[in-house]
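Chains, contacts and geometry: an overview
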Amino acid sequence: MDKATIQETARFLINAEVEKQEVTRITAKYPDLSIETAYEIQEQLVQMKLAEGYRIVGPKMGLTSQAKMKQMNVSDPIYGYIFDYMVVSGTEFELTDCIHPKVEAEIAFVLGKDIEGPGISGAQVLAATEYVIPALEIIDSRYENFQFTLPDVIADNASSSRVMFGNCIQRPEALELDLVGVTLSINGQIKDLGAGAAVVGHPANSVAMLANMLAKKGEKLKAGQTILSGGITGAIMLNQGDVVSARFDGLGCMEFIVKSNKNSN
Ligand code: 0L1
Ligand code: MG
């Protein structure tokens, strides 16, 4: 794929996000799209957002659970980027900001030191982590019906859309992160649950994989970045009026309400 087509495809995906309009997956037009080229489209999309003045909060890992990897028929997770405009503060989420959002519970790592791959281990990640916090990631594939192949979702910034961070801060050594249990409930009913080990065995392993993947393009994880390590629970579709709550063992509770300004008058 030439540079102009990479730029045009990245703009196509940004427009879908901005206009909140689902689009046909890009592999329908480019069936031979490789993983490498998909990451080039993602990189172009990231550069366009930076040029628009947005700031990167941190990279994130996606497709980290066995269930998601099996579903996509892949053996490795993928990465994308969380930007400042994606961070939702408060306890309300605006449904009409997205196309067809889903929520998943994660543990986020805030780094005290840079981490530069290759060869990074989970233990090195824990040593470089200032603290961990609970997070609810809202993913919103720009593709029709959340249907995509691996290159499609990589190009689409790993479905990144919104994120809420909890305010319970813990040093990483205060918890056994692989044993941290999480329940994700909607309107008081548990929709999914899991433990940190669902994230490639241990959430710190996921961050280590991320450092090693980014090293291939000469990037490192930076002190101060907040990094989503991957879904402990599956992703649950959101609907207007939903009260979403997540309980993290040792990391407190998070709750938000799904609003829609479409029907507010
Ligand atoms: O954060 C994630 O795990 C999302 C990865 C992309 C796959 C999806 O949209 O379900
Ligand atoms: Mg996620």
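Structure: above.
About the thresholds
- Counting restarts for each chain: residues are numbered from 1 in the order of the written sequence.
- Chain A is the first chain written and ligand 1 is the first ligand written, with later ones labelled in order.
- For a predicted model such as this one, the threshold for reporting local features is a pLDDT of at least 70, and the threshold for listing and counting side-chain atom pairs is 80 or more; totals across whole chains, interfaces and linings nevertheless cover every residue.
- The side-chain values count all of the structure's non-hydrogen atoms but skip hydrogen atoms and water molecules.
- Under the DSSP-based scheme used, a helix requires at least four consecutive residues in state H or I and a strand at least two consecutive residues in state E, with every element numbered from the N terminus.
- By this rule the span expected of a helix is its residue count minus one, scaled by 1.5 Å.
- Contact definition: two residues touch when any of their heavy atoms are within 4.5 Å.
- Atoms are scored as donors when they are N, O or S and lie within 2.8 Å of the metal, with 3.2 Å used for Na, K and Ca; no water is included, so coordination may look incomplete.
- A simple rule labels every residue: compare its accessible area, found with a 1.4 Å probe on the protein chains alone, to the largest value its type can have, and call it buried under 20%, exposed over 50%, or partly exposed in between.
- To pair, rings of Phe, Tyr and Trp, with the six-membered ring standing in for Trp, must have centres within 6.5 Å; the planes then decide the type, stacked if under 30 degrees apart, edge-to-face if over 60, and tilted in the middle.
- Note on terminology: pairs of cysteine sulfur atoms within 2.5 Å are recorded as disulfides.
- Think of it this way: one heavy atom of a residue within 4 Å of a molecule or strand is enough to make that residue near it.
- Throughout this description, a polar contact denotes any pair of N or O atoms lying within 3.5 Å of each other; where both atoms belong to protein, one of them has to be capable of donating a hydrogen while the other can accept it, and for residues adjacent in sequence the pair is counted only when both atoms sit in side chains.
- All accessibility values rest on the Shrake-Rupley procedure with a 1.4 Å probe; residue burial counts only the protein chains present in the view.
- For this classification, the nonpolar set comprises Ala, Val, Leu, Ile, Met, Phe, Trp, Tyr, Cys and Pro, the charged set comprises Asp, Glu, Lys and Arg, and every other residue, Gly included, is treated as polar.
- Any Lys or Arg side-chain nitrogen located within 4 Å of an Asp or Glu carboxyl oxygen qualifies as a salt bridge.
- Pairing between strands is defined by DSSP: at least two bridges between the two strands are required.

An ideal rise of 1.5 Å per residue puts 24 Å on 17 residues; helix α2 (residues 35-51) measures up with 24 Å between its terminal C-alpha atoms. Buried residues in α2 make contact with α1 (3-19), β1 (56-62), β2 (78-83), α5 (150-155) and α6 (203-215).

The next point concerns the coordination of the magnesium ion (ligand 2). Around the magnesium ion (ligand 2), the donor atoms from the protein are E104 (OE), E106 (OE) and E137 (OE), and they sit 2.0 Å away. Donor residues for the magnesium ion (ligand 2) sit on one chain with the sequence pattern E-x1-E-x30-E. In this structure E106 comes out as buried when scored by relative accessible area, which is 0%.

Taken as a whole, this structure holds 7 aromatic pairs when the rule is applied. The interplanar angle of 50° and the centroid separation of 4.5 Å between the aromatic rings of Y54 and Y85 together place this pair among those described as tilted. Separated by 31 residues along the polypeptide, Y54 in the loop between α2 and β1 and Y85 in the loop between β2 and β3 (92-94) bring together distant segments of the chain. Assessed through its relative accessible area of 34%, Y54 is described here as partly exposed. Judged by its relative accessible area of 23%, Y85 is partly exposed. For the ring pair Y79 and Y81, a centre distance of 6.2 Å and an interplane angle of 90° mean the geometry is edge-to-face.

Right, let's talk about the state of the cysteines for a bit. On inspection of all chains with the given rule, the structure shows 0 disulfides. With no disulfide of its own, C253 lies closest to C168 among cysteine sulfurs, the gap being 9.3 Å. On the basis of relative accessible area, C253 is assigned to the exposed category, the value being 57%.

A few words now on the site of ligand 1. Taken together, K60, G62, L63, K68, E104, E137, I139, F146, F148, V153, A158 and S159 make up the full set of residues adjacent to ligand 1. Taking K68, its side chain carries an N or O atom lying 3.2 Å from an oxygen atom of ligand 1. Here an oxygen atom of ligand 1 sits 3.0 Å away from a polar atom, N or O, in the side chain of E104. When ligand 1 sits alone it has 300 Å² of accessible area, and the protein chains cover 94% of it. Listed by contribution, the elements that provide at least two residues to the shell around ligand 1 are β1 and β5 (129-139). Residues of the shell around ligand 1, tallied by class, amount to 6 nonpolar, 2 polar and 4 charged.

The subject of this paragraph is the pattern of salt bridges. Pairing between side chains becomes possible if they bear opposite charge and their charged atoms approach one another. For the structure on display, the rule yields 11 salt bridges. For E43, the salt bridge is made with K217, and the minimal N-O distance between the two is 2.8 Å. With E43 in helix α2 and K217 in the loop between α6 and β9 (226-231), the pair connects residues that are 174 residues apart, well separated along the chain. Because the salt bridges share partners, they merge into one network encompassing E43, K217 and E219.

Across the 10 residues of strand β4 (residues 102-111), 10 count as buried, placing the element largely inside the fold. Burial along β4 is two-sided: K102, E104, E106, A108 and V110 facing one way and V103, A105, I107, F109 and L111 facing the other are all buried. Direction of pairing for β4 relative to β5: antiparallel, over a ladder of 10 bridges. Bridge pairing in β5 links E104 to E137. The pairing of β4 with strand β10 (residues 236-237) spans 2 bridges and is classified as antiparallel. The residue of β10 that forms the bridge with K102 is M237. The sheet contact formed by β4 and β9 spans 4 bridges and is antiparallel. Bridging from a neighbouring strand, A108 pairs with L228 of β9.

Right, let's talk about the side chain of T64 for a bit. Of note, T64 is situated in the loop between β1 and α3 (66-72). Judged by its relative accessible area of 2%, T64 is buried. If sequence neighbours within four positions are ignored, T64 has contacts with M69, P77, A198, V199, V200, S206, S229, G230 and G231.

Before going further, it helps to spend a moment on the environment of E52. Tracing the backbone through its elements, the reader meets E52 in the loop between α2 and β1. Look at E52 and you get partly exposed, because its relative accessible area is 41%. C-alpha separation for the pair E52 and E40, spaced 12 residues apart in sequence, amounts to 18 Å.

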